[in-house]
Amino acid sequence: MKKIRCLLIHRKMSNRNLIVVCASVANGIYNNTAQFGTPAVPQATYNAAVINFAESVARYENAPKIEKTAMLAARKEMISVLDRLTVYVDDIANGDASLINLSGFEPTKENVNKSNPLAASESFDVRRTANFGEVEVEIHKMNGYDAIWYFVICSTSSNLPPNLIVNGMLNCNAFDPTDLVCLTKGRTKNFTNLQTGKWYYFYLIGANAVSVSPLSSPKGLQL
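Computed from a prediction, not measured in an experiment: that's the story for all the values here.

## Concerning unusual backbone geometry
Now for step 1: Phi at Asn94 is positive, roughly 50 degrees, even though this residue is not glycine.
Now for step 2: By the secondary structure assignment, Asn94 is in the loop between α3 (64-93) and α4 (97-103).
Now for step 3: Looking at Asn94, the relative accessible area reads 52%, which means it is exposed.
Now for step 4: Positive phi values are uncommon outside glycine, yet Asn193 reaches one of about 60 degrees.

Here is the structure:
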């Protein structure tokens, strides 16, 4: 489990939302001296950065073409000040979400959910394309899991052996020399230069951080 830390969402906030966070952090850190006795940024320095940023935003909103450069410089400085304070708060809090909330920052999630082992999926479609000898396989997203990589086998066999995948290892000896495995990114796979009049069978495999799924049932198509 990862230690809870300050969430760095202030780096991507809109200017107006960033000003709100600045006020929240000012109240949280500088008004709670029992918990945050020696801030990494003195209060006077912090207040000056907030005022400079807020005023630059106001000028930018009135004259964006003229004031953009000054606003971006003030925003960069404000984010740098907040970043220094997140390091300080992380050190004080040592994973305590309550202290991070008290500081005015938002804590990261307490529990990091790991990926679950994948089950076999039959959720994919196989169709010919307008190109001669080409088949497109469209894979439907497997919900309920973290990031998944999808692979498709194009085989001349309608009954690849069940031990084709054991402990995440693909037994290539079970393949015919003409069989293909598509490893491209994305959920649409294209197989080209296939022979017309011949039957092909397509199998889906999924993989995530903790597992490789069992082989799907085949979906056949004659070109």
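Having seen the structure, we can now continue with the description.
## Examining the layout of surface pockets
Any empty space left between the atoms is revealed when a probe the size of a water molecule rolls over them.
Now for step 1: In this model, the largest pocket occupies a volume close to 200 Å³.
Now for step 2: Along its surface, the largest pocket is lined by 15 residues, and Ile148, Trp149, Tyr150, Gly186 and Arg187 are the ones closest to its centre.
Now for step 3: Top element by residues in the lining of the largest pocket is strand β3 (residues 149-155). It accounts for three residues.
Now for step 4: Taken together, the residues of the lining of the largest pocket sort by class into eight nonpolar, two polar and five charged.

## Quick notes on the sheet that holds strand β7 (residues 188-191)
Backbone-to-backbone hydrogen bonds join strands into a sheet, with any given pair of strands oriented parallel or antiparallel.
Now for step 1: With respect to topology, three strands assemble into an open sheet ordered β1-β2-β7, the strand pairing being antiparallel. Looking at which strands have only one partner, the edges of the open sheet turn out to be β1 (124-128) and β7. On average, each strand axis in the sheet is inclined to that of its neighbour by 15 degrees, with strand direction left out of account.
Now for step 2: As paired elements, β1 and strand β2 (residues 135-139) share five bridges and run antiparallel to each other. Counterpart to Phe124 in the pairing with β2 is Ile139.

## Digging into the pattern of salt bridges
Now for step 1: What the rule picks out here adds up to six salt bridges.
Now for step 2: Here Arg11 makes a salt bridge to Asp83, at a shortest N to O gap of 3.2 Å. With Arg11 in the segment before α1 (15-30) and Asp83 in helix α3, this pair connects stretches of sequence that are 72 residues apart.
Now for step 3: We classify Asp83 as buried; its relative accessible area is 19%.
Now for step 4: The residue Glu67 makes a salt bridge to Arg59 at a minimum N-O spacing of 3.7 Å.
Now for step 5: On the accessibility criterion, Arg59 (36% relative accessible area) is partly exposed.
Now for step 6: Each of the salt bridges in this network shares a partner with another, and the network as a whole consists of Arg127, Glu136 and Glu138.

The rules behind the values
Residues numbered from 1 in each chain as written. Predicted model: local features only at pLDDT ≥ 70, side-chain atom pairs only at ≥ 80, totals over all residues. Heavy atoms only, no water. Helix = DSSP H or I, 4+ residues; strand = E, 2+ residues; numbered from the N terminus. Buried < 20%, exposed > 50% of the residue type's maximum accessible area, 1.4 Å probe, protein only. 1 Å grid on protein atoms, 1.4 Å probe; cavity = no way out; pocket = protein on both sides within 12 Å on 5 of 7 lines; lining within 4 Å. Points joined across faces, edges and corners; volume = space filled by probe spheres on them. Nonpolar A, V, L, I, M, F, W, Y, C, P; charged D, E, K, R; others polar. Pairing = 2+ DSSP bridges. Axes fitted to C-alpha atoms, helices over the stretch in contact; angles between N-to-C directions. Salt bridge = Lys/Arg side-chain N within 4 Å of Asp/Glu carboxyl O.

Keep in mind these values describe shape, not function.
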